[in-house]
Amino acid sequence: MSIRLLSETIINQIAAGEVIERPASVVKELVENAIDAGATRIEIVTAGGGKNLIRVTDNGGGIPADELALAVSRHCTSKLTDDVHDIRALGFRGEALPSIGSVARLSIKSRTADADSGYEVVVRGGHLEGPRPTAINRGTIVEVSDLFYATPARLKFMKTDRAESTAITEVVKRIAISFPQVRFSIAGTDRSPLELPASCNAGETVSEAAMLERISQVLGADFSENALALDSEREGVRLTGFTAIPSFNRANSLHQFAYINGRPVRDKQVFGALRGAYSDVIARDRHPVGVLFLQLDPAYVDVNVHPAKADVRFRDPGLVRGLIVGTIRHALAQSGIRPATSGAEAMLKAFQAQGFETPDRSPSSYTSSPARNWQSATNYRPEPPRQEWSPQTAHPAQRPLHLDNQPAPRYEQAGFGEAMQATISQFTAPSADSRAAEIEAPAELLRAPLGAARAQIHANYIVAQTEDSLVIVDQHAAHERLVYEALKTALEAKPMAAQMLLIPEIVDLPEEDAERVVAHAETLERFGLSVERFGPGAVAVRETPSMLGEMDVQQLIRDLADEIAEHDTANGLKDMLNHVAATMACHGSVRSGRRMKGEEMNALLRQMEATPGSGTCNHGRPTYIELKLSDIERLFGRR
Ligand code: ADP
Ligand code: MG
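The protein has the name DNA mismatch repair protein MutL in an unreviewed UniProt entry, where Pseudochrobactrum kiredjianiae is given as its organism. Looking at the protein in UniProt, the text filed under Function (unreviewed entry) is "This protein is involved in the repair of mismatches in DNA. It is required for dam-dependent methyl-directed DNA mismatch repair. May act as a 'molecular matchmaker', a protein that promotes the formation of a stable complex between two or more DNA-binding proteins in an ATP-dependent manner without itself being part of a final effector complex." In UniProt, the protein has this text filed under Sequence similarities (unreviewed entry): "Belongs to the DNA mismatch repair MutL/HexB family."

A. Focus on the overall build of the protein. Of regular secondary structure, the protein possesses 21 helices and 22 strands. Across the 639 residues that make up the protein, the buried fraction comes to 52%. Pairs at least 24 apart in sequence give 70% of the contacts found in the protein among residues at least 6 apart. Accessible surface, the protein as shown: approximately 28,900 Å² in total, 51% of it carbon and sulfur.

B. Up close: the packing of helix α16 (residues 511-519) against helix α18 (residues 553-567). It is at 9 Å that the axes of α16 and α18 come closest, and there the two elements cross at 85°. Comparing the axis directions of α16 and α18 gives the class roughly perpendicular. Where α16 abuts α18, its residues D513, R516 and V517 lie against I557, A561, I564 and A565. For the contact of α16 with α18, the residue count by class is five nonpolar, no polar and two charged.

C. Representation of the pairing of strand β2 (residues 53-58). Bridge count for strand β1 (residues 41-47) against β2 is six bridges, and the pairing is antiparallel. Note that in β2 the partner of E43 across the bridge is T57. Linking β1 to β2, which pair antiparallel, is a turn of five residues; within it G48 sits at a positive phi near 60°. When β2 meets strand β6 (residues 139-145), the two strands line up antiparallel, connected through six bridges. The partner of L53 across the bridge, within β6, is S145.

D. The site of ligand 1, seen in detail. Residues in close proximity to ligand 1 total 20 residues, the closest being N33, T77, S78, K79 and G94. Here T140 contributes a side-chain N or O atom positioned 3.3 Å from a nitrogen atom of ligand 1. Taking 530 Å² as the accessible area of ligand 1 by itself, protein coverage stands at 93%. It is helix α4 (residues 96-103) that provides the largest number of residues to the shell around ligand 1, a total of three residues. Of the residues belonging to the shell around ligand 1, the class tally is nine nonpolar, seven polar and four charged.

E. Here's a closer look at a nonpolar patch on the surface. Taken together, the side chains of L6, I10 and I14 present a nonpolar region at the surface, about 260 Å² in accessible area. Along the chain, L6 falls in the segment before α1 (8-19).

F. Structural detail: the sheet that holds strand β7 (residues 183-188). Read across the open sheet, the eight strands follow the order β5-β4-β3-β6-β2-β1-β7-β8; overall the sheet is mixed. At either end of the open sheet lies a strand with only one pairing partner, and these are β5 (127-134) and β8 (194-196). For this sheet, the mean inter-axis angle between neighbouring strands, taken without regard to orientation, is 10°.

G. The arrangement of unusual backbone geometry in detail. With an omega dihedral of 0°, the bond running from G130 to P131 counts as a cis peptide bond. Positioned with a positive phi, D146 is a non-glycine residue whose angle comes to about 50°. The class for D146 is partly exposed, based on a relative accessible area of 42%. Phi at H458 takes a positive value of approximately 50°, unusual for a residue other than glycine. Of the residues examined, H458 reaches a relative accessible area of 71% and is grouped as exposed.

Thresholds applied
- Per chain, the residues get numbers from 1 upward, laid out in the order the sequence is written.
- For naming, the first written chain is A and the first written ligand is 1, with later ones following in the order written.
- Local features are withheld for residues below a pLDDT of 70 in this predicted model, meaning they are given only at 70 or higher, and side-chain atom pairs are given and counted only at 80 or more; totals for whole chains, interfaces and linings count all residues.
- Values reported for side chains reflect all heavy atoms of the structure, with hydrogen atoms and water molecules removed beforehand.
- UniProt positions are given in the numbering used here, feature names are shortened, and annotations may be inferred rather than shown by experiment.
- Secondary structure is summarised from DSSP: a helix means a run of H or I of at least four residues, a strand means a run of E of at least two, and numbering begins at the N terminus for each.
- Residue exposure (1.4 Å probe, protein chains only): buried if accessible area is under 20% of the type maximum, exposed if over 50%, otherwise partly exposed.
- We call two residues in contact whenever any of their non-hydrogen atoms come within 4.5 Å of each other.
- The accessible surface values rely on the Shrake-Rupley method and a 1.4 Å probe; as for residues, cover is taken only from the protein chains in view.
- As a rule, the C-alpha atoms of each element are fitted with a line to give its axis, helices using only the stretch in contact, and angles between N-to-C directions run from 0 to 180 degrees.
- For classification, angles of less than 35 degrees are called roughly parallel, those exceeding 145 degrees roughly antiparallel, those between 65 and 115 degrees roughly perpendicular, and all remaining angles oblique.
- The nonpolar class holds Ala, Val, Leu, Ile, Met, Phe, Trp, Tyr, Cys and Pro. Asp, Glu, Lys and Arg form the charged class, and all remaining residues, Gly among them, are polar.
- For two strands to be treated as a pair, DSSP must find at least two bridges joining them.
- A cutoff of 4 Å decides nearness: a residue is near a molecule or strand if any of its heavy atoms lies inside that distance of it.
- Under this definition, polar contacts are N or O atom pairs within 3.5 Å; protein pairs additionally need one hydrogen-donor-capable and one acceptor-capable atom, and for neighbouring residues in sequence, both atoms have to be side-chain atoms.
- Candidates for patches are residues over 30% relative accessible area with no salt bridge; among them, like charges are joined within 9 Å and nonpolar side chains (Val, Leu, Ile, Met, Phe, Trp, Tyr) within 5 Å.
- The salt bridge criterion pairs a side-chain nitrogen of Lys or Arg with a carboxyl oxygen of Asp or Glu, the two atoms within 4 Å.

Right under this line is the structure:
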């Protein structure tokens, strides 16, 4: 066959293959056009999952009659002049309408403010009809029907109507988050209607509150109760938005949103940074919830990487990653101790359901359901008492708070590692008293965020009281978190105290694993774990970190070998160390089932208050839940 230029229709269909993957891509393009046209109300109607009908109505500037034909021609756009690096609108490629017109029946009705009438063009099979006058208010109505009728191969790949209509909703929500001044509505025979009222006026700068209101319309009202505001800037790149506290996490990443200069993106680097920020506070199979807005000079980011405009390329990816990780970590640390409100909510529901039926544990439900904690508690093995702890031998900062009427010691962030180590070692020692005692609550302790410990129940839950609430702490989860933080501190400050084993423990391992563990012997030494080679396929463990107490050394070494294998990459050392710390913390923390004295419990509560991120354990589960007195009164029908 000789070389010839493809017909306009074929060229458009090829382009459509990239831009128009499914009905949701059509909706995305049309809604973006409406926003670019300055609309403040956008209505979307669909039928048959968008395959039969998509109609987008807006009240934007409209298209003049003499430009309607151009709008549906390839490479015709009103949004880009000569500089492809200066992209400020959502659209710029001039591709969407002609692409849609080549794979569906497309009708555009539009009227500008100064026109005496509206006009309509219709494109069918790449063939243009019109423009002809039509009745319409100011704005534009784009109607797409019989999508992919011209490309049956594509039609075959469509999912069910339901799946396609859900995908459309997702696309609209994703865009809506970054345009709170626009009212969105979606309706149709294939769905239940959704309304997202504008949360601020067009033209005014979007306040943090307006931003949060729109996000909550999309993510649910409880997001705002668990959200941390982000706002920071580095070298001309500004990051705003909200992320949720770690215990408010999800089973998938659908609740992660990122925007660059207002444009929704699905950029791997941005989402990777979001994950990275939470890497040591959320379990690997759970996903943080958050909305990130990046604002930067359009010249520093290339959005023209893919026709669907979802991927981007930053001029300085390291800067952007650092900004995201740093800002979120800072916000998490600042938030101090705070469990997900959904924990208390779920607890209320569980009580109100009369009895303890298992509340919703579907994969999408938040992990902070107390039912989950109750259930996991049954897996804990009680630990037999080993040695006597006395308040006098403890580190001065860790002596019980109200012994001998001494003033309560202050817990400060500084010198944290040492204080922590002492606290932890005191917890690894059992108390002599094995009854679940009720303890007195000095008034000043009631004012502390986690209050005064009053009792320990089921050998794992500390019941504490503040001035206006009841707090229940999962002692195992809390302890694990504290150990982990102490281990991390040990990496930066002085090494952890080690305890010599009477007889070195020999661990048999596959040779590669033994190799890996020994290769990191120096690092493990910092954690107080001393290992050396013991012939082929074995290592000898001579010392273990004192704060971990007695543990299964064999299992610890095997788990560490796995962690090292998985994370030992050239640039992942820090990551690996964090994972090693988490693994060790988990081994050292099977401390539920151990009775604690009142002073020990109060010391644990104070330590939690002083430790950033201690509201969640290393797996993102809450370490404590709080029921307000008002909630308790509600339970008893007093309110
Ligand atoms: P792009 O958005 O990349 O410019 P499109 O094919 O999506 O390309 O749209 C072509 C042109 O049609 C736009 O540049 C714009 O001028 C006009 N247009 C499309 N939709 C609308 C709308 N809803 N309101 C006003 N003008 C629109
Ligand atoms: Mg467009």
